[in-house]
Amino acid sequence: LFGIFIFIIFLQLGFQGVVYAYVLSSCASVIIFAPRMLKLFIREAREQEFGEWRPFFDAVWVRGKWASATDGINAAIGALWPWVVGYFLSIELVGIIRVTLLILGQIAAFVPINYVLRSLLPRTADSPERMRDWLFRAMKISFWGHIISGLSAFCVCSILFPLFFPEYVPSLILLAALL
């Protein structure tokens, strides 16, 4: 809100002000919390022996560099794709694609089988037969759950979109194709 006030209302930059406000909002948490986190990290580092930090540094070096790189790339792609689609196609198409992806995300979140598997599969790691059994059960439940929730969401959206959101009716065609 501070960025919108400064860049749009006070400086009257228009659309460019929206871009600056968005960038400012993305960087604000880092700017605000970085000094506090740095002090906390330095204090913890002084209180610990180096040998106790060894597993942390090993984890950061081995897994952390790849996780940081993929998170950074995914964040950049996620922030960049609306601008690319808007530049090459149209802003209206960005809205249609975003609504379609939002509905698909809600359908996927409606059947949260991955959270169940995340806690269940490590318990079955000692028995390959049990793990295979649970994976087949999860695939079966996930398949039918996603089909039912996807068709239900499509039917509900087919009724509601023409009534309340007629500008997003073209997203139903994309939703049907992706389902």
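Use the structure listed above.
Basis of the calculations
- Residues numbered from 1 in each chain as written.
- Predicted model: local features only at pLDDT ≥ 70, side-chain atom pairs only at ≥ 80, totals over all residues.
- Heavy atoms only, no water.
- Helix = DSSP H or I, 4+ residues; strand = E, 2+ residues; numbered from the N terminus.
- Rg over C-alpha atoms; globule rule 2.2 N^0.38 Å.
- Buried < 20%, exposed > 50% of the residue type's maximum accessible area, 1.4 Å probe, protein only.
- Contact = heavy atoms within 4.5 Å.
- Areas by Shrake-Rupley, 256 points an atom, 1.4 Å probe, with all protein chains shown as cover.
- Lys, Arg positive; Asp, Glu negative; His and termini not counted.
- Charge placed at Lys NZ, Arg CZ, Asp CG, Glu CD.
- Axes fitted to C-alpha atoms, helices over the stretch in contact; angles between N-to-C directions.
- Parallel < 35°, antiparallel > 145°, perpendicular 65-115°, else oblique.
- Nonpolar A, V, L, I, M, F, W, Y, C, P; charged D, E, K, R; others polar.
- Disulfide = S-S within 2.5 Å.
- Patch = residues over 30% accessible without salt bridge, like charges linked within 9 Å, V, L, I, M, F, W, Y side chains within 5 Å.
- Salt bridge = Lys/Arg side-chain N within 4 Å of Asp/Glu carboxyl O.
- Core = buried A, V, L, I, M, F, W, Y, C linked by side-chain atoms within 4.5 Å.

Draft legend 1. Summary view of the overall build of the protein chain. In terms of regular secondary structure, the protein chain is built from seven helices and zero strands. Reading the protein chain from its N end, one meets helices and strands in the order α-α-α-α-α-α-α. The C-alpha atoms of the protein chain give 23 Å as radius of gyration, which overshoots the globular expectation for 179 residues (16 Å, by more than 25%). Each principal axis of the C-alpha atoms in the protein chain carries an extent, and together these give about 65 × 65 × 25 Å. Looking at the protein chain residue by residue over its 179 residues, the buried ones come to 20%. Excluding contacts between residues fewer than 6 apart, the proportion of contacts in the protein chain whose partners are at least 24 apart in sequence is 43%. Accessible surface computed for the protein chain: about 14000 Å², of which carbon and sulfur atoms make up 73%. Mean positive and mean negative side-chain charge positions of the protein chain (14 and 11 charges, respectively) differ by 1 Å.

Draft legend 2. Representation of the packing of helix 5 (residues 113–120) against helix 6 (residues 128–164) within the structure. Here helix 5 crosses helix 6 at 170 degrees, and the two axes come no closer than 10 Å. Looking at the two axes, helix 5 sits roughly antiparallel to helix 6. On helix 6, the residues that touch Ile-113, Leu-117 and Leu-120 of helix 5 are Trp-134, Leu-135, Ala-138, Ile-141 and Ser-142. The residue inventory of the contact of helix 5 with helix 6, partitioned by class, reads seven nonpolar, one polar and no charged.

Draft legend 3. Expanded view of the state of the cysteines. Following the criterion strictly, the structure yields zero disulfides and no others. We note that Cys-157 lacks a disulfide partner, and the nearest cysteine sulfur, in Cys-155, lies 9.5 Å from it. Judged by relative accessible area, which is 11%, Cys-157 ranks as buried.

Draft legend 4. Here's a closer look at a nonpolar patch on the surface. Taken together, Phe-15, Val-18, Leu-80, Trp-83, Val-84, Tyr-87, Phe-88 and Leu-89 make up a surface patch of nonpolar side chains, about 940 Å² in accessible area. Broken down by secondary-structure element, the contributors of at least two residues to the nonpolar patch are helix 2 (15–47) and helix 3 (50–88).

Draft legend 5. Region of the structure containing the nonpolar core. In terms of nonpolar packing, the biggest core is built from eight residues, these being Val-99, Ile-103, Ile-107, Ala-153, Cys-157, Phe-161, Leu-172 and Leu-175. Put simply, the parts of the chain that give this core at least two residues each are helix 4 (91–110), helix 6 and helix 7 (170–178). Filtering out sequence-adjacent residues up to four positions away, Ile-103 remains in contact with Ala-153, Cys-157, Phe-161 and Leu-175.

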